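One-letter residues, chain by chain:
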Amino acid sequence: PAINAFKADNSQVTVKLETSATLAKLEVGEAHIAIRAGQKPTNPDYVVQLFCKIPFSLYASDAYIARHGTPSATSLDKHQFVYAQDEQARYPFTKWFKAHVKDSQISLITDDLLALSEAIKNGLGLGFMSVHDAAKTNNLRVIIPPTSDSIISVWMVTHIDLHRTIKVQSFTQHLKAHASQLSYD
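The structure reproduced in this document is the subject of the present report. Residue positions within a chain follow its written sequence, with the count starting from 1. Only residues with pLDDT of 70 or above have their local features reported here, since the model is predicted, and side-chain atom pairs are shown and tallied only from 80 upward, although totals for entire chains, interfaces and linings are computed over all residues. Where side-chain values are given, they derive from all heavy atoms of the structure, hydrogens and water being excluded.

Bringing the side chain of Gln49 into the picture now. Among the secondary structure elements, Gln49 is positioned in strand 2 (residues 46-61). Of note is the side chain of Gln49, whose polar atom sits 2.7 Å from the side chain of Lys176. Helix and strand assignments come from DSSP, with helices taken as H or I runs of at least 4 residues and strands as E runs of at least 2, each series counted from the N terminus. Polar contact is defined as a pair of N or O atoms within 3.5 Å, subject to the rule that within protein one atom must be able to donate a hydrogen and the other to accept it, and that residues adjacent in sequence are counted only when both atoms are side-chain atoms.

So, about the packing of aromatic side chains. Geometrically, a pair of aromatic rings is defined through the distance of the ring centres and the angle of the planes. Under the pairing criterion, centres of Phe, Tyr and Trp rings, with the six-membered ring standing for Trp, must be within 6.5 Å; the plane angle then separates stacked pairs below 30 degrees from edge-to-face pairs above 60, leaving the rest tilted. The full count for this structure, using the stated rule, is 10 aromatic pairs. Ring centres of Phe93 and Phe128 lie 4.9 Å apart, and the angle between their planes is 5°; on these two criteria the pair is classed as stacked. In this pair, Phe93 is assigned in helix 3 (residues 93-100) and Phe128 in strand 5 (residues 127-130), connecting sequence segments 35 residues apart. Accessibility here uses a 1.4 Å probe with only protein chains present; expressed as a share of the type maximum, an area under 20% marks a residue as buried, one over 50% as exposed, and anything in between as partly exposed. Owing to a relative accessible area of 5%, Phe128 belongs among the buried residues under this scheme.

The next subject is the environment of Asp112. Relative to the helices and strands, Asp112 is located in the loop between strand 4 (106-110) and helix 4 (113-121). Since its relative accessible area comes to 37%, Asp112 is described here as partly exposed. Within the structure, Asp112 has its side chain in polar contact with the backbone nitrogen of Ala115 (distance 3.1 Å).

Tracing the chain through its elements places Ser150 in the loop between strand 6 (140-144) and strand 7 (151-159). Given a relative accessible area of 6%, Ser150 falls into the buried group. From its side chain, Ser150 meets the backbone nitrogen of Thr147 in a polar contact 2.9 Å long. If we skip the residues at most four places from it in the chain, Ser150 touches Ile54, Pro55, Phe56 and Pro92. Note on contacts: a residue pair qualifies if any of its non-hydrogen atoms lie within 4.5 Å across the two residues.

A regular strand carries its side chains on alternate faces of the sheet. Of the two faces of strand 3 (residues 81-84), the one carrying Phe81 and Tyr83 and the one carrying Val82 and Ala84 are both buried. Following DSSP output, two strands are said to pair if at least two bridges run between them. As judged from the four bridges shared by strand 3 and strand 4, these two strands associate in the parallel manner. Within the sheet, the bridge partner assigned to Tyr83 lies in strand 4 and is Ile109.

This is the structure:
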């Protein structure tokens, strides 16, 4: 929605959207604006603003529950999980997984959050999804609701040399306007 609104006001501009777990180096022009999840970036040449906070819950689909029963906090050791690969420890639920889930319980590991949510929706296992994304699906049941430990901070990052340019300011204003639809406090 934010890109669509920006394009409506700036039809002559082409937006290039790249998604990757690799961090773009803003100082060498790999991107003008970066959206980063996890810890607040600390590069002194970056302007870093909180974009939104996204809570995650542990979900099971109706299909999973039909085959394996309804999971509870005390029966999680008897259930299968889908897991988001997270070498950079950006996701708050990574610690929870390491503390509560054995390797033998993991049916799928992926670095793609879209694939992860599809696996959860289709009953491959229990897994964490953002509350915002899960609300769009009517076949999911909350197993563990969001806590302060399951909220991801998402940061909007620009390089100090480009931060005040018209194109960066215009686009970040559109992003900020739509961030409230994602954020939960």
